[in-house]
Amino acid sequence: MATINDNYLKLKAGYLFPEIARRVNGFAETNPDAKIIRLGIGDVTEPLPAACRTAMINAVEEMGDRATFKGYGPEQGYAWLREKIAAHDFQSRGCDIDASEIFVSDGSKCDTGNILDIFGNDNTIAVTDPVYPVYVDTNVMAGHTGAATNRGEFEGLVYLPITAENQFTAEIPTQKVDLIYLCFPNNPTGATATREHLQAWVDYAKAHGSIIFFDAAYEGFIADPEIPHSIYEIKEAKDCAIEFRSFSKNAGFTGIRCALTVVPKTLLAKAADGSNIELWKLWNRRQSTKFNGVSYIVQRGAEAVYSEEGQTQTRSLIHFYMENAKIIREQLTGAGLQVYGGVNAPYVWVQTPNSLSSWDFFDKLLHTCNVVGTPGSGFGAAGEGYFRLSAFNSRENVETAMKRITEKFKA
Ligand code: MLT
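These figures come from a predicted structure and were not determined experimentally. (Residues numbered from 1 in each chain as written. Predicted model: local features only at pLDDT ≥ 70, side-chain atom pairs only at ≥ 80, totals over all residues. Heavy atoms only, no water.)

**What to know about the sheet that holds strand β15 (residues 386-390)**
Then, in step 1: Taken together, the 4 strands give an open sheet; going across it, the order is β11-β12-β15-β14, and neighbouring strands pair in antiparallel fashion. Taken across any chain shown, the strands that pair with only one partner, and hence form the sheet edges, are β11 (339-341) and β14 (374-375). (Pairing = 2+ DSSP bridges. Helix = DSSP H or I, 4+ residues; strand = E, 2+ residues; numbered from the N terminus.)

**Describing the domain arrangement of the protein chain**
One frequent convention defines the size of an interface as the accessible area lost when the parts assemble.
Then, in step 1: Here the domain parsing of the protein chain yields domain 1 (6-47 + 309-409) and domain 2 (52-307).
Then, in step 2: Taken over C-alpha atoms, the centre of domain 1 sits 25 Å from the centre of domain 2.
Then, in step 3: Taken together, the contact between domain 1 and domain 2 spans 37 residues of the former and 46 residues of the latter.
Then, in step 4: A buried area of about 3,300 Å², summed over both sides, lies between domain 1 and domain 2, and 62% of it is on carbon and sulfur atoms.
Then, in step 5: Elements that contribute at least two residues to the side of domain 1 that touches domain 2 include exactly α9 (308-334), β11, β12 (347-351) and β15.
Then, in step 6: Examining the composition of the side of domain 1 that touches domain 2, we find that 8 residues originate from one element, α9, more than from any other.
Then, in step 7: Grouping the amino acids of the side of domain 1 that touches domain 2 by side-chain chemistry returns 21 nonpolar, 11 polar and 5 charged. (Domains from an automatic or database assignment. Contact = heavy atoms within 4.5 Å. Buried area = accessible area lost by both parts, 1.4 Å probe. Nonpolar A, V, L, I, M, F, W, Y, C, P; charged D, E, K, R; others polar.)

**Considering the site of the ligand**
Then, in step 1: Lining the immediate surroundings of the ligand are Phe17, Ile41, Gly42, Lys109, Tyr132, Asn187, Tyr218, Lys249, Tyr347 and Arg388.
Then, in step 2: Glycine 42 is positioned with one of its backbone polar atoms (N or O) 2.6 Å from an oxygen atom of the ligand.
Then, in step 3: For the ligand, whose accessible area on its own is 270 Å², the fraction buried by protein is 84%.
Then, in step 4: Each of two domains, domain 1 (6-47 + 309-409) and domain 2 (52-307), supplies a minimum of three residues to the shell around the ligand. (Near = heavy atom within 4 Å. Polar contact = N/O pair within 3.5 Å; in protein donor to acceptor, adjacent residues only side chain to side chain. Areas by Shrake-Rupley, 256 points an atom, 1.4 Å probe, with all protein chains shown as cover.)

**Some thoughts on the pattern of salt bridges**
Side chains that carry opposite charge are capable of pairing whenever their charged atoms lie near each other.
Then, in step 1: Taken as a whole, this structure holds 19 salt bridges when the rule is applied.
Then, in step 2: Aspartate 89 is the salt-bridge partner of arginine 245, the closest N and O atoms lying 3.8 Å from each other. Of this pair, arginine 245 sits in strand β7 (residues 241-246) while aspartate 89 sits in helix α3 (residues 79-90), placing them 156 residues apart in sequence.
Then, in step 3: The class for arginine 245 is buried, based on a relative accessible area of 3%.
Then, in step 4: What makes aspartate 89 buried here is its relative accessible area of 14%.
Then, in step 5: Two residues, lysine 176 and aspartate 178, come together in a salt bridge whose shortest N-O distance is 2.5 Å.
Then, in step 6: A relative accessible area of 14% places aspartate 178 in the buried class. (Salt bridge = Lys/Arg side-chain N within 4 Å of Asp/Glu carboxyl O. Buried < 20%, exposed > 50% of the residue type's maximum accessible area, 1.4 Å probe, protein only.)

**Considerations on the pairing of strand β5 (residues 179-183)**
Then, in step 1: Taking burial as the measure, the 5 residues of β5 include 5 buried ones, the bulk of the element.
Then, in step 2: Strand direction decides the pairing type here: strand β3 (residues 125-129) and β5, joined by 2 bridges, are parallel. For isoleucine 125, the partnering residue across the bridge sits in β5 and is leucine 179.
Then, in step 3: Two elements, β5 and strand β6 (residues 211-215), share 5 bridges in a ladder whose sense is parallel. Bridging across to β6, isoleucine 180 finds its partner in isoleucine 212.
Then, in step 4: As a crossover connection, the stretch from β5 through helix α6 (residues 195-208) into β6 is right-handed. (Right-handed = clockwise from strand over helix to strand, strands pointing away.)

**Some words on the packing of α9 against helix α11 (residues 395-410)**
Then, in step 1: Following both chains from N to C, one finds α9 and α11 inclined at 10°, their axes separated by 9 Å at the closest point. Compared by their axis directions, α9 and α11 come out roughly parallel. Contact residues: Phe320, Glu323, Asn324, Ile327, Ile328, Gln331, Leu332 and Gly334 in α9; Arg395, Val398, Glu399, Met402, Ile405, Thr406 and Lys410 in α11.
Then, in step 2: Per-class residue counts for the contact of α9 with α11 are 7 nonpolar, 4 polar and 4 charged. (Axes fitted to C-alpha atoms, helices over the stretch in contact; angles between N-to-C directions. Parallel < 35°, antiparallel > 145°, perpendicular 65-115°, else oblique.)

**Quick word on the sheet that holds strand β2 (residues 102-105)**
Then, in step 1: With respect to topology, 7 strands assemble into an open sheet ordered β2-β8-β7-β6-β5-β3-β4, the strand pairing being mixed. Every interior strand has two partners, whereas the edge strands, β2 and β4 (157-161), have only one. Sheet twist, expressed as the mean angle between neighbouring strand axes with direction ignored, is 20°.
Then, in step 2: Against the sheet, α3 makes contact with β2, β7 and β8 (259-262), and its axis sits at roughly 115° relative to β2, the strand it touches most.

**Description of the nonpolar core**
Then, in step 1: Membership of the largest hydrophobic core comes to 97 residues, with the highest contact counts inside it found for Ile212 and Met402.
Then, in step 2: Of all the elements, α9 adds the most residues to this core, at 8 residues.
Then, in step 3: The residues that make up this core include at least three from each of domain 1 (6-47 + 309-409) and domain 2 (52-307).
Then, in step 4: If sequence neighbours within four positions are ignored, methionine 402 has contacts with Leu39, Ile327, Ile328, Gln331, Leu332 and Leu389. (Core = buried A, V, L, I, M, F, W, Y, C linked by side-chain atoms within 4.5 Å.)

**A look at the packing of helix α2 (residues 50-63) against helix α8 (residues 296-304)**
Then, in step 1: Across the interface, α2 lies against α8 with an axial gap of 8 Å and an inter-helix angle of 150°. The orientation of α2 with respect to α8, classified from their angle, is roughly antiparallel. As for the relative orientation of α2 and α8, their crossing is right-handed in sense. Where α2 abuts α8, its residues Ala51, Cys52, Ala55, Met56, Ala59, Val60, Glu62 and Met63 lie against Tyr296, Ile297, Val298, Arg300, Gly301 and Ala304.
Then, in step 2: Along the lines of polarity and charge, the residues of the contact of α2 with α8 split into 11 nonpolar, 1 polar and 2 charged. (Left-handed = near helix turned anticlockwise from the far one by under 90°.)

**Looking at unusual backbone geometry**
Then, in step 1: Following phenylalanine 184, the chain continues to proline 185 via a peptide bond in cis, the omega torsion being -10°.
Then, in step 2: For the bond running from asparagine 187 to proline 188, omega is 20°, close enough to zero to count as cis.
Then, in step 3: Phi at asparagine 354 takes a positive value of approximately 55°, unusual for a residue other than glycine.
Then, in step 4: When you line up the elements, asparagine 354 lands in the loop between β12 and α10 (358-369).
Then, in step 5: Its relative accessible area of 71% is what places asparagine 354 among the exposed residues.

Put into structure tokens, the structure is as follows:
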């Protein structure tokens, strides 16, 4: 009989968001009249920017004409999109990133998992706790960890706690780690990193020959001009960091699918024979073999984000969601809850009241307010006692959800 990848058996429960959906669907079945408001998974709700829609409609029309029809595109993405990304997202901020170092993909979730393909199995890997679960689960699947402990931590991973005491930014480790996952603006806590904090990580990575996986999927939500949007705003990061970005949240592409990964050509890691190998070459090889690129239509939609109308429309989408975040913050604070995040990030990180566990608070909100959030413990042991609310929803739903919660907690 064929055998399986036994590492999958180490994964204790289902992936966090399907698990939440399972519980919510169970509740909805037994309470068919409940008007459930979902502030759990960070999934966008507002219509796609008109500039992106028009560009995609035009691209569909091009597909209907032999003269402009497109078959397979470059696995790395079309040059016209990569050049716009390089110019707008990086060079305009003083980051020395070339279009050829940008790989267009169908999602940062996929890329943060897939990137492990080009790394060895003997690296020491550090993640924050709490953390976006994909970073941990993909390492478990790849066999980079031992079993889960009672705390739900995996043997072999280095967990860096992020707490209110360190403003949800991890201390630089004292031990040597090879691969480090950082996410700023942070999912789930909504924290941001200062330039000094990123510089400290880059200095650490350079000193230890480590590689930073920098997930900047939420950079579009940064309002404070002092906060860096890219790790490449720290000059030496080109020698030690891979950056992941997405069109999902800033331009509403969660259902359309388009993202990008930056692998600088200066980035090196060691082969078994001790030689230094360019990671760019390996990622290029990996993508050309396992990926056929993002559809032409979607890439034209993503390109439109960089047009004048696209910029205005995405800015207004972001503003809309950040107004939601402000409402969540203000209402919950007014009800006496301690909240973090939600200022330069679309997530609000709430301390559960009365020392309730994260899942108890989840059940309480679901059953008494019919509001869904994400239990902090689902992001790691140090997330216990916290709860994440997403600002991605309609204004009406956010206002109704806050009214239900504040009435409950003020009473
Ligand atoms: C989240 O809710 O954390 C995000 O939706 C996850 C994702 O973008 O994959």
